[in-house]
Amino acid sequence: SAVISQKPSRDICQRGTSLTIQCQVDSQVTMMFWYRQQPGQSLTLIATANQGSEATYESGFVIDKFPISRPNLTFSTLTVSNMSPEDSSIYLCSVKGQGVYEQYFGPGTRLTVT
Amino acid sequence: AQKVTQAQTEISVVEKEDVTLDCVYETRDTTYYLFWYKQPPSGELVFLIRRNSFDEQNEISGRYSWNFQKSTSSFNFTITASQVVDSAVYFCALSELGSNYQLIWGAGTKLIIKP
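Here we summarise the structure given alongside this text. Throughout this description, residue numbers start from 1 for each chain and increase along the sequence as written. Starting at A for chains and at 1 for ligands, labels are handed out in the order in which the entities are written. Restriction of local features to residues with pLDDT of at least 70 applies here, the model being predicted, together with a cutoff of 80 or more for giving and counting side-chain atom pairs; totals for whole chains, interfaces and linings are based on all residues. Computation of side-chain values: all heavy atoms of the structure, hydrogens and water removed.

## Notes on the side chain of Q6 of chain A
All names here are of chain A.
- A run of H or I in DSSP becomes a helix once it reaches four residues, and a run of E becomes a strand once it reaches two; helices and strands are each numbered from the N terminus. By the element assignment, Q6 lies in strand 1 (residues 4-7).
- Polar contact is the term for a pair of N or O atoms within 3.5 Å; when the atoms are in protein, one must be able to donate a hydrogen and the other to accept it, and sequence-neighboring residues count only if both atoms are side-chain atoms. Within the structure, the side chain of Q6 is placed 3.1 Å from the backbone nitrogen of C93, a separation counted as a polar contact.
- In this structure the side chain of Q6 is engaged in a polar contact, spanning 3.2 Å, whose partner is the side chain of T109.
- If near-sequence neighbours (up to four positions away) are discounted, Q6 is found in contact with I21, Q22, C23, W34, Y91, L92, C93, G106, P107, G108 and T109. Residues count as neighbours in contact if any of their non-hydrogen atoms are within 4.5 Å of one another.

Written out as structure tokens, the structure reads:
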């Protein structure tokens, strides 16, 4: 399985600011996913990020609020823009393994917006 | 429509007891995949198992076992002789063939193992 790291691991941000979360994988992967997990809740898919194409956003998530970059096969960023306290969540990136169906997850970024 | 139900919100048992986590799914596809993930207090999601819809064989891995029954659309997870380190939130998930590998997640079951 791939080794995935995320930066920052946690942050406390002020309302109205933006935070960019980085996701780095130790091997090349085609598909990367970004999820949000609100406190005590299950995971919600924000978008799928494939290298060389625009990210595909799920219903309820828009590019202006959650711009995503995928410059190469080992790296992606998610920006949470113009944050509000409702954005306080864990943000997780995941990758789909080569030749398998399961996803492997990074350690997550715990975001608190005050 | 596809759906995953984990009806047990929280389970608390004493160490060394056996515990079963239930997962019921809905799908119209004949080819699909089922997963279990563990999320310890640290927050990282750990992949435990994947099961294909055409393989109903049960699986055992150490103290963990999984029972897949298509007739009841269930994919239950049993921990034998539970340990404190098993305390975590466990998620069941479903992915349909052709869904672009997207996962449909259950709500999760919080498992508390008391010493």
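## Points about the pattern of salt bridges
- Think of a salt bridge as a Lys or Arg side-chain nitrogen and an Asp or Glu carboxyl oxygen that are within 4 Å of each other. Following the criterion strictly, the structure yields five salt bridges over all chains and no others.
- Two residues, K65 of chain A and D87 of chain A, come together in a salt bridge whose shortest N-O distance is 2.6 Å. Taken as a pair, K65 of chain A in the loop between strand 6 (56-57) and strand 7 (68-72) and D87 of chain A in the loop between strand 8 (75-80) and strand 9 (89-96) lie far apart in primary sequence, 22 residues in all.
- Salt bridges sharing partners connect three or more residues here, namely R51, D55 and E59 of chain B.

## Comments concerning the environment of F47 of chain B
- On the secondary structure map, F47 of chain B appears in strand 6 (residues 46-52).
- Taking the C-alpha atoms as reference points, F47 of chain B and S74 of chain B, 27 residues apart in sequence, are found 19 Å from one another.
- When sequence neighbours within four positions are dropped, the list of residues in contact with F47 of chain B reads E102, Q103 and Y104 of chain A together with F35, W36 and Y37 of chain B.

## As for unusual backbone geometry
- For the peptide bond that leads from K7 of chain A to P8 of chain A, omega is -10 degrees, which places it in the cis range.
- By the element assignment, P8 of chain A lies in the loop between strand 1 and strand 2 (10-13).
- One non-glycine residue with positive phi stands out, namely A81 of chain B, at about 50 degrees.
- Following the sequence through the fold, A81 of chain B ends up in the loop between strand 9 (74-79) and strand 10 (88-96).
- The backbone of Y101 of chain B sits at a positive phi, close to 65 degrees, despite the residue not being glycine.

## Side note on the packing of aromatic side chains
- Two rings from Phe, Tyr or Trp (for Trp, the six-membered ring) form a pair when their centres are within 6.5 Å of each other. A pair whose planes differ by under 30 degrees is stacked, one over 60 is edge-to-face, and the rest are tilted. This structure, assessed with the given rule, holds 20 aromatic pairs over all chains.
- The interplanar angle of 20 degrees and the centroid separation of 3.7 Å between the aromatic rings of Y101 of chain A and Y33 of chain B together place this pair among those described as stacked. Taken as a pair, Y101 of chain A in the loop between strand 9 and strand 10 (103-105) and Y33 of chain B in strand 5 (residues 32-39) lie in two separate chains rather than in one. Considered together, Y101 of chain A and Y33 of chain B belong to a single accessibility category, that of buried residues.
- The structure contains a cluster of three or more aromatic residues connected by ring pairs, namely Y35, Y104 and F105 of chain A together with F35, Y37, F47, F91 and W105 of chain B. Under the scheme applied here, a residue whose accessible area is under 20% of the maximum for its type counts as buried, over 50% as exposed, and between as partly exposed, the area being computed with a 1.4 Å probe on protein chains only.

## Thoughts on the state of the cysteines
- Cysteine sulfurs are considered disulfide-paired once they come within 2.5 Å of each other. Summed over the entire model, instances satisfying the criterion amount to two disulfides over all chains.
- Disulfide pairing is shown between C23 of chain A and C93 of chain A; the S-S distance is 2.0 Å. In this structure the cystine formed by C23 of chain A and C93 of chain A twists about its S-S bond by roughly 70 degrees; its chirality is therefore right-handed. Of this pair, C23 of chain A sits in strand 3 (residues 19-25) while C93 of chain A sits in strand 9, and the two are 70 residues apart along the sequence.
- Given a relative accessible area of 0%, C23 of chain A falls into the buried group.
- Among the residues examined, C93 of chain A registers a relative accessible area of 0% and is labelled buried.
- There is a disulfide in this structure between C23 of chain B and C92 of chain B, and the S-S distance comes to 1.9 Å. Disulfide C23 of chain B to C92 of chain B: torsion about the S-S bond roughly -65 degrees, handedness left-handed. Separated by 69 residues along the polypeptide, C23 of chain B in the loop between strand 3 (19-21) and strand 4 (24-26) and C92 of chain B in strand 10 bring together distant segments of the chain. Of the two residues, C23 of chain B and C92 of chain B, neither departs from the other in class, the shared state being buried.
- Looking at the unpaired C13 of chain A, the closest cysteine sulfur is the one in C93 of chain A, lying at 17 Å.
- Its relative accessible area of 9% is what places C13 of chain A among the buried residues.

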